[in-house]
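What the coordinates show
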Amino acid sequence: MSHRVRVAAAIAALVASAAVNAAGPAVVSGPGENPGCFKPWDASTKYFQWPAKKGPYRLALANGFVGNTWRIQMIKMAKAYAATPDMKDNLKEFKIVSTGTDVAAQIAAIDNFINSGYDAIVTIAVNPTAFAPVIKRANAAGVVVVPFDNVLDSTEVMMVNEDQTAMGTLSGDWLVKNIPSKSGKLLEVRGVPGNSVDRDRHLGFRKVVEGPGNKFEVVEVVGNWDDGTAQKAVADAVAVHKNFDGMFVQGGSTGAVRALIDAKHKMIPVAGEAENGFRKLCAERAKDGLVCTSLGQSPGLVAISMKAAVAALQGKVMPQLISVPIPTATHPDFKAGENYFPDLTDNFFTTNDFPPCGVNLKATDIMSKDEKNN
């Protein structure tokens, strides 16, 4: 064999090997890495393994919408977690970009990170169905992508989330249980339209309250998971409909309850999110008849996603879909200093610690950061 032929064969073999290594994760057998932290969604969850890369790594957060307090706290927590000893030694660079609600802009940001040589990208997807092509491009480049919170309708990418349908179902179950007549008018305050979280919580809630034996009329408004927007939407709904018998709020719960108070509406059962202000009101107004359940979608999901991305880059076996428990506080068990914090701001989300994952950030560490792109 001539020298030229040998060189050509070697190059072809190298290209073929690179193509195999960059084809995305292999599907392997479990169990996976640290199941106390990275718990598989259910028994049918498959497992992924990427080729191990030597660190430290370049990691990016490709966020979309940033117009509410949950997203702001999530970005602050990402920055705080990146600065912890657990992550700092593993990161060469940590970059954050927020692109708004435009799907094309978010996909372009992810493509830019891929083309710039980042090792992993965590993201909150603007749309659950539009990201298949960019996931393929990431796999081809050997980049680990981890959607969380608003995840994708896909089993081809590792994702981190709480069970959003279950959050709607649990809220609906609780409301039905606390309205003995199983009838009346309910106000449903939805999130940002088009997101999988909004869709799944809505479907879970409606499946319960529209179930056999229930005779509820449901009025829907859009609150964008934001206190100010939700407060105005609830105020307008009360002005039109006068009275409600219960309320389900996906986010912006503090503003939604304040709208009831400002309108001098009777206190009713409210299933809401885990905002500190909402839990304060639930504790303070219980004597007036406000009964609540508070289910939290934690901004701390970003930290679990970052930790999962690094574990994947290290070649650890990982569940395709990682399940994070739904933290809940319910009347009459609201306790100051334990599940709400009188000295912290109303817009602080109360659920940020994940002891099995070693994620234990102080509120002061989180809130000292900013939400700006970097």
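First things first, this report covers the structure right here in the doc. Remember, predicted model here, so these are calculated numbers, not experimental data.

**Looking at the pattern of salt bridges**
Using the criterion set out here, one finds 22 salt bridges in the structure. Its salt-bridge partner being Asp370, residue Lys79 comes within 2.5 Å of it at the nearest N-O pair. With a gap of 291 residues between them, Lys79 in helix α2 (residues 69-82) and Asp370 in the segment after α12 (363-367) connect regions that are remote in the sequence. For Lys307, the salt bridge identified is with Asp86, shortest N-O distance 3.0 Å. Pair noted here: Lys307 is in helix α11 (residues 301-313) and Asp86 is in helix α3 (residues 85-88), with a separation of 221 residues, a long-range link. Among the residues examined, Lys307 registers a relative accessible area of 16% and is labelled buried.

**Focus: helix α10 (residues 276-284)**
Counting buried positions along α10 gives seven out of nine residues, so the element sits mostly inside the fold. What α10 keeps buried is the set Asn276, Gly277, Phe278, Arg279, Lys280, Leu281 and Cys282. Residues of α10 that are buried sit in contact with α9 (253-262), β11 (269-272), β12 (291-295) and β15 (328-330).

**Here we look at the nonpolar core**
Residues Leu59, Leu61, Phe94, Phe148, Met158 and Met306 are the most contacted members of the largest nonpolar core, which totals 47 residues. For this core, the leading source of residues is α11, giving eleven residues.

**Focus: the state of the cysteines**
Under the counting rule described, the total for this entry stands at two disulfides. Here Cys37 engages in a disulfide with Cys357; their sulfurs sit 1.9 Å apart. When the S-S torsion is 105 degrees, as for the bridge of Cys37 with Cys357, the disulfide is right-handed. Taken as a pair, Cys37 in the loop between β1 (26-28) and β2 (47-49) and Cys357 in the loop between β15 and α12 lie far apart in primary sequence, 320 residues in all. For the pair Cys37 and Cys357, a shared accessibility class is recorded, and that class is buried. Disulfide partner of Cys282: Cys292, at an S-S distance of 2.3 Å. Taking the sign of the S-S torsion, about -100 degrees here, the bridge from Cys282 to Cys292 comes out left-handed.

**With respect to the sheet that holds strand β4 (residues 91-98)**
With parallel pairing, four strands are arranged side by side in an open sheet as β4-β3-β5-β6. The open sheet has two edge strands with one neighbour each: β4 and β6 (144-147). Mean inter-strand twist for the sheet, computed between neighbouring axes without regard to direction, equals 15 degrees. Alignment of strand β3 (residues 57-63) against β4, held across seven bridges, turns out to be parallel. Within the sheet, the bridge partner assigned to Leu59 lies in β4 and is Phe94. Across the sheet, helix α4 (residues 103-115) is in contact with β3, β4 and β5 (120-123); its angle to β3 comes to roughly 175 degrees.

Thresholds applied
Residues numbered from 1 in each chain as written. Predicted model: local features only at pLDDT ≥ 70, side-chain atom pairs only at ≥ 80, totals over all residues. Heavy atoms only, no water. Salt bridge = Lys/Arg side-chain N within 4 Å of Asp/Glu carboxyl O. Helix = DSSP H or I, 4+ residues; strand = E, 2+ residues; numbered from the N terminus. Buried < 20%, exposed > 50% of the residue type's maximum accessible area, 1.4 Å probe, protein only. Contact = heavy atoms within 4.5 Å. Core = buried A, V, L, I, M, F, W, Y, C linked by side-chain atoms within 4.5 Å. Disulfide = S-S within 2.5 Å. Pairing = 2+ DSSP bridges. Axes fitted to C-alpha atoms, helices over the stretch in contact; angles between N-to-C directions.

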